[in-house]
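Chains, contacts and geometry: an overview
The lines below spell out each chain.
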Amino acid sequence: MRDSIIHIFPEAIRAAKNGHLRLFFALFGQLSRTRLTPRDPEICRFPSIESFAQSYAKLATFLGRPNLGPPEGEIDFLQRILSSQPTRPGSLGPEDYFFLTAFTGIVSPRHVIEVGTLTGFSAAIIAAAMARRIPSPETARVDSIDINAQCVTEPSQPTGFEIRELIPHLASMVRNQF
């Protein structure tokens, strides 16, 4: 799985809201070794930071990676984001970025293509999750593609401005392409 390319569609994630399982099946069904059926929506639900490790373990087991838990520093990173992240129009909510962090960490791709950058929040979340799981994060990359050079929701900012704010030490992992 490490060499697989995962395509993340933040607009689809935002639109899915509580439909993570439907989104999961639509985008990533081929990753599981077991037959996927939408019988247990709790598999993709990450309701709180307190239940993150337990939700992570359920998703990891579902994806064929039992006994895999959050890597060191992941919950601390998410708590920092949770306590400091202002709510911006169009950005992911905590349940969404908890799921995105866990999914990225479990699958451990070396290359992710994100379509639709906006503020760059989800690209930063993905890059941080990759860096905690991949032994050599310098070999990992997130290509975030957008048609706008300026952020649509904050026109005074360039598209992807949150990448350098949230993960300055990992910003080189993310390439914005317009």
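Scope of this entry: the structure provided in the associated data block. Every value quoted in this text rests on a predicted model; they were computed, and no experiment measured them.

**Observations concerning the packing of helix H3 (residues 52–62) against helix H4 (residues 74–84)**
- Relative orientation of the contacting elements H3 and H4 amounts to 125 degrees, with a least axis distance of 11 Å. The orientation of H3 with respect to H4, classified from their angle, is oblique. Seen along the crossing, H3 lies across H4 with a hand that is right-handed. Contacts between H3 and H4 involve Phe52, Ala53 and Tyr56 from the first element and Glu74, Ile75 and Leu78 from the second.
- Class assignment for the residues of the contact of H3 with H4 results in five nonpolar, no polar and one charged.

**Quick notes on the side chain of Ser55**
- Along the polypeptide, Ser55 turns up in helix H3.
- The exposure class of Ser55 is buried, given its relative accessible area of 8%.
- Discounting chain neighbours no more than four positions away, the residues touching Ser55 are Ile43, Arg45, Phe46 and Pro47.

**Quick word on the side chain of Glu162**
- Of note, Glu162 is situated in helix H7 (residues 161–166).
- Judged by relative accessible area, which is 1%, Glu162 ranks as buried.
- Discounting chain neighbours no more than four positions away, the residues touching Glu162 are Gln85, Arg88, Thr119, Gly120 and Phe121.

**Let's talk about the pairing of strand S2 (residues 111–115)**
- Most of S2 is tucked away: four of the five residues are buried.
- Direction of pairing for S2 relative to strand S3 (residues 141–145): parallel, over a ladder of five bridges. Paired with His111 across the two strands is Arg141, which belongs to S3.
- Regarding topology, helix H6 (residues 121–133) serves as the crossover connection from S2 to the parallel S3, and that connection is right-handed.

**Considering the packing of H3 against helix H5 (residues 94–107)**
- With their axes 10 Å apart at the nearest point, H3 and H5 run at an angle of 45 degrees to one another. Comparing their axes, H5 and H3 come out oblique. At the point where H3 passes H5, the crossing takes the right-handed sense. Residues Phe52, Tyr56, Leu59 and Ala60 of H3 pack against Phe98, Phe99, Thr101, Ala102, Phe103, Gly105 and Ile106 of H5.
- Class assignment for the residues of the contact of H3 with H5 results in nine nonpolar, two polar and no charged.

**Observations regarding the pattern of salt bridges**
- Taken as a whole, this structure holds six salt bridges when the rule is applied.
- The shortest N-O distance in the salt bridge between Glu162 and Arg88 comes to 2.5 Å. Separated by 74 residues along the polypeptide, Glu162 in helix H7 and Arg88 in the loop between H4 and H5 bring together distant segments of the chain.
- Put simply, Asp143 and Arg175 hold a salt bridge, and the shortest N to O gap is 2.6 Å. Pair noted here: Asp143 is in strand S3 and Arg175 is in strand S4 (residues 174–177), with a separation of 32 residues, a long-range link.

Rules behind the numbers
Residues numbered from 1 in each chain as written. Predicted model: local features only at pLDDT ≥ 70, side-chain atom pairs only at ≥ 80, totals over all residues. Heavy atoms only, no water. Axes fitted to C-alpha atoms, helices over the stretch in contact; angles between N-to-C directions. Helix = DSSP H or I, 4+ residues; strand = E, 2+ residues; numbered from the N terminus. Parallel < 35°, antiparallel > 145°, perpendicular 65-115°, else oblique. Left-handed = near helix turned anticlockwise from the far one by under 90°. Contact = heavy atoms within 4.5 Å. Nonpolar A, V, L, I, M, F, W, Y, C, P; charged D, E, K, R; others polar. Buried < 20%, exposed > 50% of the residue type's maximum accessible area, 1.4 Å probe, protein only. Pairing = 2+ DSSP bridges. Right-handed = clockwise from strand over helix to strand, strands pointing away. Salt bridge = Lys/Arg side-chain N within 4 Å of Asp/Glu carboxyl O.

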